[in-house]
Amino acid sequence: ISDIPEPGMQPSVSIYPNPNNGNFSFSNLRFTIPTSSVDLRITDVMGREVYHQLISNQQSTIINLSHCSNGVYFYQLSDKNEIVRGKFVKTGIKD
């Protein structure tokens, strides 16, 4: 294993389910250069941070935002070198 990135490799993550009821998982976090932990920040549409966690298990991390209102949220996963951003929808529907 080396810290040399593969040509064309891009950072990526899977989020499931999306939409969700506030319980969902981030899985298969991949950064160009392997890292031991990733910083997760989730914000609402107004830019207010509603969740923050340091993720060390990059295979699968379960998140619970059942305390948040239904709506669109944005996530940002970052290490020292890269950032992965995306969005998800929280609904009142049971998954």
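Right, let's walk through the structure included here. Note that the coordinates shown come from a computational prediction; the quantities given were computed from them, not determined experimentally. (Residues numbered from 1 in each chain as written. Predicted model: local features only at pLDDT ≥ 70, side-chain atom pairs only at ≥ 80, totals over all residues. Heavy atoms only, no water.)

Quick look at the pairing of strand β2 (residues 23-30) now. Relative to β2, strand β1 (residues 12-16) runs antiparallel, the two being bridged by 4 bridges. The residue of β2 that forms the bridge with isoleucine 15 is phenylalanine 26. Hairpin connection between β1 and β2: a loop of 6 residues separates the two successive antiparallel strands, and glycine 22 in this loop has a positive phi of roughly 110 degrees. When β2 meets strand β5 (residues 60-64), the two strands line up antiparallel, connected through 5 bridges. (Pairing = 2+ DSSP bridges. Helix = DSSP H or I, 4+ residues; strand = E, 2+ residues; numbered from the N terminus.)

On the surface, a nonpolar cluster with roughly 430 Å² of combined accessible area is contributed by Val45, Met46, Val72, Phe74 and Val89. You can see valine 72 is positioned in strand β6 (residues 71-78). (Patch = residues over 30% accessible without salt bridge, like charges linked within 9 Å, V, L, I, M, F, W, Y side chains within 5 Å. Areas by Shrake-Rupley, 256 points an atom, 1.4 Å probe, with all protein chains shown as cover. Salt bridge = Lys/Arg side-chain N within 4 Å of Asp/Glu carboxyl O.)

Our focus in this paragraph is the sheet that holds β5. With antiparallel pairing, 3 strands are arranged side by side in an open sheet as β1-β2-β5. The open sheet terminates on both sides in strands that have one partner only, identified here as β1 and β5. Each strand of the sheet is rotated relative to its neighbour by a mean of 25 degrees, with strand direction disregarded. (Axes fitted to C-alpha atoms, helices over the stretch in contact; angles between N-to-C directions.)

In total, this model carries 3 salt bridges according to the counting rule given. Residues glutamate 49 and arginine 41 are paired through a salt bridge, measuring 2.9 Å at the closest nitrogen-oxygen approach. The network of salt bridges with shared partners includes Asp39, Arg41 and Glu49.

Note that the residue after tyrosine 16, namely proline 17, is joined by a cis bond; omega there is -15 degrees. Tracing the backbone shows proline 17 in the loop between β1 and β2.

Turning our attention to the packing of aromatic side chains. Between two aromatic rings, the relevant description is the distance of the centres plus the angle of the planes. The final tally for this structure, using the stated rule, is 4 aromatic pairs. When the ring of phenylalanine 24 is compared with that of phenylalanine 26, the centres are 5.6 Å apart and the planes differ by 75 degrees; the resulting orientation is edge-to-face. Given the relative accessible area of 3%, phenylalanine 24 is considered buried. For phenylalanine 26, a relative accessible area of 0% gives the class buried. Centroid distance phenylalanine 24 to phenylalanine 88: 4.6 Å. Interplanar angle 40 degrees. Geometry classified as tilted. Highlighted residues: phenylalanine 24 in strand β2 and phenylalanine 88 in strand β7 (residues 83-90), separated in sequence by 64 residues. Both residues of the pair, phenylalanine 24 and phenylalanine 88, belong to the buried class. (Phe/Tyr/Trp six-rings, centres within 6.5 Å; stacked < 30°, edge-to-face > 60°. Buried < 20%, exposed > 50% of the residue type's maximum accessible area, 1.4 Å probe, protein only.)

Mapped onto the elements of the fold, asparagine 21 is located in the loop between β1 and β2. Among the polar contacts made by the side chain of asparagine 21, one reaches the main-chain amide nitrogen of asparagine 23 at a distance of 3.1 Å. (Polar contact = N/O pair within 3.5 Å; in protein donor to acceptor, adjacent residues only side chain to side chain.)

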